[in-house]
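# Observations on the model geometry
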Amino acid sequence: TEEKITHLGLKNSSAKIVPAGTILLALYGATAGVIAITKIDTAINQAILAITPVYQINTLFLMVSLENQMQIAIGKYTQGGQPNFNAGIIKKLEISIPDIEEQNAIAKVFSSADCEIELLEQELLQWQAKKRSLQQLLLTGIVRV
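This is a predicted model, so every value here is computed, not measured.

Secondary structure assignment for the protein yields four helices and seven strands. Each helix (α) and strand (β) of the protein, taken in turn from the N terminus, gives the series α-β-β-β-β-β-α-β-β-α-α. Rg of the C-alpha trace for the protein: 21 Å, well past the compact-globule value of 15 Å for 145 residues, more than 25% over. Burial status across the protein gives 25% buried among its 145 residues.

This is how it looks when you write it as structure tokens:
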């Protein structure tokens, strides 16, 4: 990570550490409603809600389900251009939870789609770099058509 919190900073603030694999949801500000899963132990503050399921739930399945519900909630709780959430609002969201085997199958599809999107985004960046290079060569007259 680029930023870290010291033990003293953690002790003297409202920040807390959540373990890797925790679902995080931004409660307010420009990123309100954004959801992510931590890959490392992470320090969060009061603007972030840590979500830890109490039942056997696939984390990726839950995250995608929450993202879907947040699209509805954002429209409902937007005030002054930015939505504002709290734990009470999030706890009221209703999510259909199929059995764990189906959750895992659904999460596998989302994971595969995410991998494909990442590969396509990398390919797009490569094509954009090639285009910029070609533009430079053509506009400076180094390459003529």
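Past the structure itself, the notes keep going.
Residues Glu67, Asp114, Glu118 and Glu121 make up a contiguous surface patch of negative charge. Here the element with the most residues in the negative patch is helix 4 (residues 100–139); it accounts for three residues.

Count 3.6 residues to each turn of an α-helix, and residues three or four apart come out pointing the same way. With 40 residues, helix 4 ought to run about 58 Å at 1.5 Å a step, and its terminal C-alpha atoms sit 57 Å apart, in line with that. Every buried residue of helix 4 is listed here: Ile100, Gln103 and Ala107. The inward-facing, buried residues of helix 4 abut helix 2 (59–76).

Here is what the cut-offs are and how they apply
Residues numbered from 1 in each chain as written. Predicted model: local features only at pLDDT ≥ 70, side-chain atom pairs only at ≥ 80, totals over all residues. Heavy atoms only, no water. Helix = DSSP H or I, 4+ residues; strand = E, 2+ residues; numbered from the N terminus. Rg over C-alpha atoms; globule rule 2.2 N^0.38 Å. Buried < 20%, exposed > 50% of the residue type's maximum accessible area, 1.4 Å probe, protein only. Patch = residues over 30% accessible without salt bridge, like charges linked within 9 Å, V, L, I, M, F, W, Y side chains within 5 Å. Areas by Shrake-Rupley, 256 points an atom, 1.4 Å probe, with all protein chains shown as cover. Salt bridge = Lys/Arg side-chain N within 4 Å of Asp/Glu carboxyl O. Lys, Arg positive; Asp, Glu negative; His and termini not counted. Charge placed at Lys NZ, Arg CZ, Asp CG, Glu CD. Expected span 1.5 Å × (residues − 1). Contact = heavy atoms within 4.5 Å.

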